[in-house]
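Here is how the chains run, residue by residue.
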Amino acid sequence: MEREKNRSKLLTRRALLLAGVQGALAAALAGRLYQLQVLQADRYGMLADQNRIGLRLIAPRRGRILDRFGAPLADNRPTYRVVLVPEQTPDIDAMLDAVAALISLSDADRRRVLRDARRNHSFVPVAVRENLDWEEMARIEVNTLELPGVSIEQGLTRDYPYGATASPLLGYVAAVSEQDLGGDPVLELPDFHLGKSGIEKQYDLDLRGEAGTSEVEVNAFGRVVRELNRDEGEPGRDAVLAIDMALQDFATRRCAGESSAACVLLDAWTGEALALVSTPGYDPSGFVTGLSQEQWLALQSDPLRPLNDKAIAGVYAPGSTFKPMVALAALDSGALTPDTHITCPGYFELGDALFHCWKKGGHGTLVLREAIKHSCDVFFFETARRLGIDPIAAMARRFGLGNATGIDLPGEAAGLIPTTDWKLATTGVKWQPGETISAGIGQSYVAVTPLQLCVMAARLVTNRAVMPRLLREDGIMTPGAAATAGAADFDALGIPAAHLDLVLDGMMAVVNEPGGTAYAARITDPGLAMGGKSGTSQVRRITEAEREHGLRKPTELPWQDRDHALFIAFAPVGAPRYVCATIVEHGGETGGGGSAVAAPICRDVLREAQKRDPARRVPDHPFAIAAAEKS
Amino acid sequence: MAERDTADFGGGNTPVGGKLWSLNWGLVLLVTVIAGVGFAMLYSAANGSWQPWAERQAIRFAVAAIVMIAVALIDLRFWLRFAYVFYGVVFVLLVGVEIRGAVGMGAQRWIDLGFIQLQPSELMKIALVLALARYFHGLSLEEVGKPWRLVVPAALTLVPAALVLKQPDLGTALMLVLGGAAMLYLVGVRWWMFAFVTAAGGGAVPLVWHHLRDYQRARIASFLDPESDPLGAGYHALQSKIAIGSGGVFGKGFMAGTQAHLSFLPAKQTDFIFTMLAEEFGLVGGLVLLALYLLVLAYGFAIAFRSRNNFGRLLALGITVNFFLYVFINIAMVTGLLPVVGVPLPLVSFGGTAMLTIMFGFGILLGVYVHRDTRIGRFGDSEG
């Protein structure tokens, strides 16, 4: 019994000790809970929030592009697609059969759906088919009760209601490529599109807007359980262009008659581009949905360069449209007075070289006004010889040639106005006197864009350093709002008014006096008459042999060797408001010169512009101020 | 003698009605309260639904409670007599899962009996307590002091532990070894013996490590540095800590725990249910549950001390220690103090066999209480 008692005492002692150990361990647990839930509660609370809160981006609605009267040139159109949530669909194969009975579904679509359904979490919707038309969408919607897990998802896609008419001016949006990434996280959204060219690219950031965010609670598998917070973001702002779509459309149709042409119509006093046409264009909607490799190659290798905006990026020798620059430079330097007489025998000799006038027999003796009217080459050969290239280049630069005009479009070309320094620096060869003679009629190295020619015309009629622009002065804004006094903002060019009046009078005579090179293209409507200057620029050199055997007709030459046809014009004569420059590459279908092919386009566009008179149709427009200044 | 007939062969001297009356109803109430906490957490785990866990758990608890009371009424001498038999049967079952066990969660743990998936390893915890209590009941202190007397209890403990480890179930193996060691300590095995065995065990660590499965090694490695691989093996431990820590002092509210409900928490209805409780009810909730468990332990020790027979005392202490091990290992595991080894929180975690085992244990504990004054001779006969 004593032994039994000892055993019992030991057991009790050890049991109490064990209880003590257990108590201590329990206290350790309590301490651990205190440590986690009190001392480190903030840290773990934060980690918990990071765990459960996911941030989703909401693509902002892209701003529209409107013309000056609010007509949408680029808009957003709802698109519909069928999606299927695998976990809500008992039998995907059977469901696809049911869907295929309602809308067309290719085998490739079916394979893709089955593959995606296998790969993704079962709660992730799988796109069954994109771009449903309205009828297909309705067919699915009506039958949704029999199609568990199948639903219609709505998205937005870019829509260009005028198709190719406003291209390549508007440009297009397309899927984000690798090199576009960086910066804005919205670019990483799977079906986000951004501006790739034209206005869409130029004002992409404004049009794009700011992405919204949706704070969602997600579980460990990434399934969204509910939305905690939503910030709609900032929809893109609308871009209101100076373009008058009616005129753009008119000019485009007018140019479309020629194989490849560009036409720029500016408000001379504000620099607003009312029409900026480059034909042929392309259908921008193709880029939105994505082009096939063949389509892309076809566009790129097309000799008519539809992707190229010839109005701002096409570079041409200006030909005779350059003559006003030479005239002004000569008047400015005193090399020429209004009464200086120069005789044209049909050719011009410089050393051993012979330069021909376009008129074989020559023009006889002329003064400046007549020389412009008849576009006498010899007159300007001689003038250029007297001047040298540098004063001509200086004058051309004052009129905006040789530099990008700074219009709000990507990809503008600068053109080229050569100087003696330029030639030496670039080629290492001295400027040759003969090159000055060629430059006097806008050949040689002289190269301009149609937009530059149009700006030159605007500066001729306003005597101001007019700058062209596409966006209304009031910018990315609401349509119809008052423009500020645009004309007053341009610096004066400081050309003596008498010089300009003389040149403009000569240009008036070109069109409106019998014998003028573009007399056939005059506007007969009272008060709408235009003045202008034609130009026909050589693409290839005419050899002496060809001259001896008689010039071949342009239509006998290969298309790409024919001369370009150019024309610059202003209207109305007396109080010019609109200026227009047109180039028809290689003389178009008929292979005609500037006065024959380009002038009629300018005539029709200026006539239409004056009839519509978009500049004056905008309320509170500063034209009245500008007109008062002029008179 | 007619009385004995009606009260079956284990009936002892008290009629059934009297025995029922003499049950420790305070402990029964306590156990029910803790189980009730479990129902509530399972209800929450199912996002406010009795399906699929809370209702089944409640039914199991009701069945297990009947088993518990039935067991409590069985005379201790019955257990003494059949302790080795019981151990033997469970051991055979344990070997059975090695042969034709179902494979689940990468671990062979169940024998599918059709109506219940039996986990012999859980039952082994009770069987081991019974067998060790039976073995030491008849040994004097002097005999315990002889090392060769410890060969049998060491084998009783380590052989099933090794089998369980091979399943592989690290948690249960750990519990068997620690439970067995506690029993040996209680009966008076000398300190230096434990020191010797621990040292020997320490030497065996590389051997054990060699036999561990990859996922077990990964769990131990991730326990040592859970943040090193937060999406891999450390995921459970880290997510559990995040959930508990973010609960703060008062918790996020019933059914408002974000981590558990958003599935960041694995096995939230089983091994990690304490995490959910600590997330939803905070430090306060965690401490209250811990206090309830400590109260159970206090009952266990009190019952042990009031028992007047050695067998009963050893049983009561063994069961209490086992219960404590459940609680400690589980909470230490979910709070990141121990590796994730897979031990359920007793009475609260969803699971049939564990519930049955624990309630069976409480039945024996209550039986010790009911039969506290029964005198049991060295070889199971009644002593005068």
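Scroll up a little and you will see the structure.
The shown structure was predicted, so the numbers you read here are calculated from the model rather than taken from an experiment.

Cut-offs applied
Residues numbered from 1 in each chain as written. Chains lettered and ligands numbered in written order. Predicted model: local features only at pLDDT ≥ 70, side-chain atom pairs only at ≥ 80, totals over all residues. Heavy atoms only, no water. Helix = DSSP H or I, 4+ residues; strand = E, 2+ residues; numbered from the N terminus. Expected span 1.5 Å × (residues − 1). Bend = angle between axes of the 7 residues up to and from the residue. Contact = heavy atoms within 4.5 Å. Disulfide = S-S within 2.5 Å. Buried area = accessible area lost by both parts, 1.4 Å probe. Salt bridge = Lys/Arg side-chain N within 4 Å of Asp/Glu carboxyl O. Buried < 20%, exposed > 50% of the residue type's maximum accessible area, 1.4 Å probe, protein only. Pairing = 2+ DSSP bridges. Axes fitted to C-alpha atoms, helices over the stretch in contact; angles between N-to-C directions.

J.: It is not clear to me how helix α10 (residues 191–211) of chain B should be interpreted in this structure. Could you clarify?
T.: Residues separated by three or four positions in an α-helix point in the same direction, a consequence of the helix having 3.6 residues per turn. The end-to-end C-alpha distance of α10(B), which contains 21 residues, comes to 29 Å, matching closely the 30 Å that a straight helix rising 1.5 Å per residue would cover. The principal kink in α10(B), of about 45°, is found at Ala204(B), preceding the proline Pro206(B) by one to four residues.

J.: Mind showing me how you'd approach the environment of Val288(A) here?
T.: Residues and elements named next belong to chain A. You can see Val288 is positioned in helix α9 (residues 285–289). For Val288 and His193, which are 95 residues apart along the polypeptide, the C-alpha to C-alpha distance reads 7.6 Å. If we ignore the near neighbours within four places in the chain, the residues touching Val288 are Thr157, Arg158, Tyr160, Val173 and His193.

J.: Quick question: what am I supposed to make of the state of the cysteines here?
T.: One covalent bond between the sulfur atoms of two cysteine residues makes up a disulfide. All names here are of chain A. In total, this model carries zero disulfides over all chains according to the counting rule given. Cysteine Cys454 is unpaired, with the sulfur of Cys580 as its nearest cysteine sulfur at 6.0 Å. There is no disulfide at Cys580, and the cysteine sulfur nearest it, in Cys263, is 3.6 Å away.

J.: What is the right way to look at the interface of chain A and chain B in this model?
T.: As a measure of interface size, the accessible area lost when the parts come together is often cited. Across the contact, 39 residues belong to chain A and 56 residues belong to chain B. For the pair chain A and chain B, the summed buried surface comes to about 3,900 Å²; carbon and sulfur atoms form 70% of the total. Counting the surface chain A buries against chain B, the share from its top three residues, Arg7(A), Arg14(A) and Gln37(A), is 19%. Between chain A and chain B we count zero salt bridges in total.

J.: Help me out: how do you make sense of the pairing of strand β14 (residues 273–279) of chain A in this one?
T.: Every regular strand shows the same layout, with side chains that alternate between the two sheet faces. Residues and elements named next belong to chain A. Burial within β14 is extensive, with seven of its seven residues counted as buried. Of the pairings in the sheet, the one linking strand β13 (residues 261–267) to β14 comprises six bridges and is antiparallel in character. What sits directly across from Val264, in β14, is Leu276. What sits between β13 and β14 in their antiparallel hairpin is a turn of five residues, with Gly271 showing a positive phi close to 80°.

J.: I'm lost on the sheet that holds strand β20 (residues 564–571) of chain A in this one. Help?
T.: The strands that make up a sheet pair up through hydrogen bonds in the backbone, lying either parallel or antiparallel. All names here are of chain A. Here five strands make up an open sheet; going across it, the order is β14-β13-β21-β20-β19 and the pairing antiparallel. With one partner strand each, in any of the chains shown, β14 and β19 (531–537) form the two edges of the open sheet. The average undirected angle you get between the axes of adjacent strands in this sheet is 5°. Bridge analysis of β19 against β20 gives seven bridges, and the strand direction is antiparallel. Pairing of Gly532 across the sheet is with Ala569, part of β20. Helix-sheet contacts for helix α8 (residues 245–256) involve β13 and β14, and the interaxial angle to β14 is about 30°.

J.: Before we go on, may I ask you to explain the pairing of strand β16 (residues 347–350) of chain A in this structure?
T.: All names here are of chain A. For β16 and strand β17 (residues 353–356), the ladder comprises four bridges, and the chain directions are antiparallel. Paired with Glu349 across the bridge in β17 is Leu354. Connecting β16 to the antiparallel partner β17 that follows it, the hairpin turn spans two residues, and Gly351 within it adopts a positive phi of roughly 60°.

By themselves, these figures tell us nothing about what the structure is for.
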